[in-house]
Amino acid sequence: MKSQAKPQTRVIHDISCGKALRERALGEAGSPDPVPQVLIARIAAQIEDHCGHRRLKCRRLAMGWTVVQAVAAAHRFVEDENLAKMGLSERSWKDWEAGGLPSPDYQDLLCRLLATNPVELGFARDYSPAPAQDDADPLGNGDGPNGTLLQGTAVGTGAGPQTGTEVGTTKRRDAVKLAGLAVASPAAAAQILQQAAAEAMEFTRQAEATSLGSGTLDHLDLAVTEFNRAYSLKPPRAVFDAVMDYRRKVDALLKGRHTHRQERELLAFAGWLSELLAWLAHDLGDARTGLAFATDAFVHGQQAGHGQLCAWAMDASASINLYEQRPGKARDAALKGLIEAPATHPLTVRLHAQAARAAAADGDTDGFTTAYRAAQNAHGLLPPRSPRRFGMDVLPLADYALTSYPATSFIWLGQAEEARRHAEQALATYKAAPAASRSPSREAIARIDMALAHALLGDPDDAVALGHQALDSARVVDSVRHRAGDLTSYLTRHYPRQAAVEGLSERLATIDAAARPALSATTRA
C-alpha cells in the first residue's frame, strides 16, 4: 500500500463489497491455500482504493475475517507465540478500525498477527523519499509493500517461470512504447494515443459483455419474491418442483458469460433459491436434501459477499438439525449464522432463539437461559422500521421465535406452565401478524406445544382437542407431524386405552401414510 491517504470524503462501501473483491482476487489467483501474504497485501490495497475503509479494516477483510474471528485469531496467536497476555476485545478492534490509535504494544501485536508493518495498517506514515528513477523498476517488479511480484514469479496462480517471463517481457514492451511516446513526433504520438483509445474501448466492451438478456435479473428477482410468498400458502411438493426448476436455470446462467456485477447477483439468486429449497425439503421430511441445500445457500452467499444470505442459510440448517435430534450441530449452525447476521436485524433474534432451543433439546438449562436472554436483548435493539425480505416483513419471524421456540424449549425442559404461557403468546403473535406474514405450520406447532403443556399438567382432554386443532392446519408439514408424534406418544404412554387418545393417534397415522409418496418423490428429485 502507499502511505496513508488524507481523511476520506468519499462514500464508504458495505463490507460485502470488500468480501467480493477478495473472492474475485482469490479466484483469479487459483484459490491458493494458504493465501500468500503478498496476495493479501494486494487485496487489502484494492479494498482500500475501491471501498474507502481504513487500512486495518482493509487488511482484516483481505484476510477474510470478521471482527470476532480477528480477535480470536489474535488471542490464539498470543498463546501460540507465548507472548504476554493482553485484554484485546471486539470493542477495541472496532475502535481502531474507526480511527483510534492502538498502544505501541497492541500495534506490535497487530503487525505480528497480520505479518506487516504500522504504515500498512494506517498507524504511521512513511516519509522516506521515493526511489530515484534510475533505481526504480518501471515495470513494478519486486516484492515490496505494494504487493507486486518478483519478475518470473507466479504465486498461487498455477503459472510457471515461463509464464512470469512472458508477462515481464510484455511489460517491458509496453514500457518501451510509453518511453517512445515521450520522444515521438506529434503525429506519431497522436497515432499511439488514438490506438490506446481504441484499446480502452475494447476493454470496456469486454467488461460489459454478457449473454444475459436485459430483463433476466429482474425476472429472477420477481420469481424469488413469488416463491417466498407461495411458501406458506401452497403445498410444499408443488413449490419444491418449481423452485428446483429455477435453481437449475440459474446454475446454467452462471456457466454463461456475464459481468462481475451480474455474477454476484446470480450467485445471490442461486443462494436464495437453495435456502428456500432447504426449507421445502425439511417440510417434506427429507433432512439430507435440506441440509445439502442449506450448505449450498451458505456457500453461494459467501461467493456473492452476502452475509445476510449466509445467516438465513444457517437458520435453516439449525432447524433441520434440531428435528434430526442433533442439537449440537443445530447450535453450531445458529452461532455460525450469528457471525454473518446484522446485529439489529430480526434474524439475529431468531438465531439466538435457535441456539436457545438447541440448548434446551440438549438438556442444557443454563445454555438455554443465556441464549434466550441474548434473543430478548437483541429484540430490544431492533429499529422502529422492520426490514423486509422479498417484500415481506420479517419482524414476525423474530416474534415467533421469541415465543414459539421457548414454548418448545420449556416442554423439553419439563417446565409445563412456562411452556403453556409462551405457547399462548405464540398464538397471539400469529393472529396479530399481517396475513402475508402468517405461518400455518408455526401456528400448528404452537398448538401442539400447548397441548403437551396441558398433558404435562394432567389435562388429557384439552391436549387431545388442541392436537386435533393442530392437525386441522392447512399446512401439516413434516415438522408438524413430528411434533404431533411427540404429543401422541406422551398421551399413549400416560393415558392408555382412552378412546380420544387412540382417535388422535389414528388420525396422525393416516396423515403420515398420505405424506410418504411426496417424500419419496422429493428424494428422487
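Basis of the calculations
- Residues numbered from 1 in each chain as written.
- Predicted model: local features only at pLDDT ≥ 70, side-chain atom pairs only at ≥ 80, totals over all residues.
- Heavy atoms only, no water.
- Helix = DSSP H or I, 4+ residues; strand = E, 2+ residues; numbered from the N terminus.
- Buried < 20%, exposed > 50% of the residue type's maximum accessible area, 1.4 Å probe, protein only.
- Expected span 1.5 Å × (residues − 1).
- Contact = heavy atoms within 4.5 Å.
- Salt bridge = Lys/Arg side-chain N within 4 Å of Asp/Glu carboxyl O.
- Polar contact = N/O pair within 3.5 Å; in protein donor to acceptor, adjacent residues only side chain to side chain.
- Phe/Tyr/Trp six-rings, centres within 6.5 Å; stacked < 30°, edge-to-face > 60°.
- Lys NZ or Arg CZ within 6 Å of the ring centre and 35° of its normal.

S.K.: So what's going on with the overall build of the protein chain? Which residues, and what values?
M.R.: For the protein chain, the helix and strand inventory stands at 22 helices and 2 strands. Taking all 525 residues of the protein chain together, 46% fall into the buried category.

S.K.: Give me the lowdown on unusual backbone geometry, citing residues and values where you can.
M.R.: Cis rather than trans, the peptide bond between D33 and P34 has omega equal to 5°. Note that P34 resides in the loop between α1 (15-28) and α2 (37-51). The backbone of Q325 sits at a positive phi, close to 60°, despite the residue not being glycine. Within the secondary structure, Q325 sits in the loop between α13 (307-323) and α14 (327-340). The backbone of F390 shows a phi angle near 50°, a positive value even though the residue is not glycine. Considering the arrangement of structural elements, one finds F390 in the loop between β1 (388-389) and β2 (392-393).

S.K.: Can you tell me about α1, naming the residues and giving the values?
M.R.: Its 14 residues give α1 an end-to-end C-alpha distance of 20 Å, which sits within 8% of 20 Å, the value for a rise of 1.5 Å per residue. Of all the residues in α1, the buried ones are C17, G18, A20, L21, R22, A25 and L26. Considering only its buried residues, α1 is in contact with α2, α3 (55-63) and α11 (260-283). Once α1 ends, the next one or two residues include G30, with phi positive near 85°.

S.K.: I'd like a description of the pattern of salt bridges, backed by residues and values.
M.R.: Scanning all chains against the criterion turns up 23 salt bridges. In this structure, R22 engages E23 in a salt bridge whose closest nitrogen and oxygen atoms are separated by 3.7 Å. For R22, a relative accessible area of 15% translates into the label buried. For E23, a relative accessible area of 24% puts it in the partly exposed group.

S.K.: Explain α13 residue by residue, including any values.
M.R.: Two residues of an α-helix separated by three or four positions point the same way, owing to the 3.6 residues in each turn. For α13, spanning 17 residues, the distance from its first C-alpha to its last is 25 Å, which sits close to the expected 24 Å at 1.5 Å a residue. Within α13, 16 of the 17 residues are buried, leaving the element largely enclosed by the surrounding structure. Positioned one or two residues after α13, Q325 has a phi angle of 60°, which is positive.

S.K.: Hey, could you go over the environment of A353 for me, with residue numbers and the actual values?
M.R.: Tracing the sequence through the fold places A353 in helix α15 (residues 346-361). Between the C-alpha atoms of A353 and R373, which are 20 residues apart in sequence, the distance is 8.8 Å. Those residues within four positions of A353 in sequence are excluded, and the remaining contacts are A375, A401 and Y405.

S.K.: Provide a residue-level description of the side chain of Q354, including the pertinent values.
M.R.: When you line up the elements, Q354 lands in helix α15. Looking at Q354, its side chain comes within polar contact range of the side chain of R357, at 2.8 Å. Once you skip the residues sitting within four places of it in the chain, Q354 turns out to touch D315, A318, S319, A334 and Y405.

S.K.: Explain the packing of aromatic side chains to me, using residue names and the numbers behind them.
M.R.: Aromatic ring pairs are described here by two measures, namely the spacing of the ring centres and the angle between the planes. Under the definition given, this model contains 6 aromatic pairs. Taken together, a centroid distance of 5.2 Å and an interplanar angle of 50° make the contact between W96 and Y106 tilted. Here W96, found in helix α5 (residues 90-97), pairs with Y106, found in helix α6 (residues 104-114); they are 10 residues apart in sequence, far enough to count as distant. An identical accessibility class is assigned to W96 and Y106; each is buried. Here the aromatic rings of F227 and Y246 are separated by 5.4 Å at their centres, their planes lie at 75°, and the arrangement is edge-to-face. Taken together, the residues span a long stretch of sequence, with F227 in helix α9 (residues 216-230) and Y246 in helix α10 (residues 236-254) at a distance of 19 residues. Residue class for Y246 comes out buried when judged on its relative accessible area of 17%. Following the ring pairs from residue to residue traces out a cluster consisting of F368, Y372 and F410. Seen from the ring of Y405, R357 lies directly overhead, with NZ or CZ sitting 3.7 Å from the centre. The side chain of R389 reaches across the aromatic face of W312, ending 4.6 Å from its centre.

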